[in-house]
Amino acid sequence: TMAYLSEQVLFKSFAPSPDLPYSAGLYVADFIYPGFSKDILNVIALCDASLMCCNPPEVFCYSLEIMRANNIHPKSYQDVYAFVSELIEYPKQYSHYDLYDINAKEALNSLRSYLGQDTTFDKEFEFVKKSIQTIMDIRRNDPYFILDMLEKPFSLDNYKTLLGKIKLPTTYNNNDEGFVDFRYPETCSIDFGVFRSMFEVSMFFHHSVRDNSVPVQYECGLLNHCKSSPLKPHIDKRCYEAPWERAHENELCPFAKIWHRWGLTGKKVIYA
């Protein structure tokens, strides 16, 4: 619900969608506290504040019940965050952020145990660890950063800046292009198209030729996207014939990034 409502606020296009799960939180809010959803930002803020707690659904419903019972009408989304923060009592006087720290450490210990003690996945583990710490720092310094961004006119630059700090592939823009992290040296700048590149790579592996006398057409489906972006390296014939060869370079295209991370650099597709 939070993601769906945020998208509507950002792009001002209230397209119809299935009630579940997209509008479920909205309906629950209206059922428990009629009129609360009049300000959509307050609903989004309550979703976000609840998600910062250990049991989000319970906090979401309980907060609405208490606000209705006491006739509390938040004047802004900051009031919603403050209300939830004061309402929920944690043991030992822990705050939301103290719980973040504790849960993050437990989660990382579980992940380390799952990955094992060898060095095979050290890069991945350090990436997750750093990402968790980064988002915790952002949340501590600016608890309402998500709502603050929603309140402003949509700006791709604002999202690039935020995602550049978080370093996670967390969102798409309105052209369905995905933002990429830069966890590895070869992904040193924010890029679009990496999620589509997964599909492009799969197309190569699922390619079939009925007539072996017909040359295989290898063209990468991300060509038009790369041509339209000033950030992309020069397009050449490899994109049409053997895009995996781009995985040898320092600046990798979306296709080559996936090829490289799968350990396929130096490999090529051969159809019998």
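Please read these numbers as outputs of a predicted model, since none were measured by experiment.

The buried fraction of helix α14 (residues 254-261) amounts to 6 of the 8 residues, a majority that puts the element mostly inside the structure. Burial in α14 covers these residues: P254, F255, A256, K257, I258 and W259. Taken from the residues just after α14, G263 is the one with a positive phi, measuring 75°.

One finds F36, I44, L46, L64, V84, L147 and L150 to be the most contacted residues of the largest nonpolar core, which totals 39 residues. Of all elements in the fold, only α1 (2-11), α3 (24-32), α4 (40-51), α5 (56-69), α6 (77-87), α7 (96-115), α9 (145-151) and α10 (156-166) reach the threshold of two or more residues within this core. In terms of residues, this core owes the most to one element, α4, which gives 7 residues. Core analysis: the next-biggest nonpolar cluster, separate from the first, contains 17 residues, Y218, C226, C253 and F255 among them.

What follows concerns the packing of α4 against α6. Closest axis-to-axis distance for the α4/α6 pair is 8 Å, and the angle between their directions is 30°. Considering the angle they form, α4 stands roughly parallel to α6. In the crossing of α4 with α6, the sense of the turn from one axis to the other is right-handed. For the pair α4 and α6, contact is made by L41, N42, A45, L46, D48 and A49 and by Y77, V80, Y81 and V84, respectively. Tallied by class, residues from the contact of α4 with α6 come to 8 nonpolar, 1 polar and 1 charged.

About the thresholds
- Residues numbered from 1 in each chain as written.
- Predicted model: local features only at pLDDT ≥ 70, side-chain atom pairs only at ≥ 80, totals over all residues.
- Heavy atoms only, no water.
- Buried < 20%, exposed > 50% of the residue type's maximum accessible area, 1.4 Å probe, protein only.
- Helix = DSSP H or I, 4+ residues; strand = E, 2+ residues; numbered from the N terminus.
- Core = buried A, V, L, I, M, F, W, Y, C linked by side-chain atoms within 4.5 Å.
- Axes fitted to C-alpha atoms, helices over the stretch in contact; angles between N-to-C directions.
- Parallel < 35°, antiparallel > 145°, perpendicular 65-115°, else oblique.
- Left-handed = near helix turned anticlockwise from the far one by under 90°.
- Contact = heavy atoms within 4.5 Å.
- Nonpolar A, V, L, I, M, F, W, Y, C, P; charged D, E, K, R; others polar.

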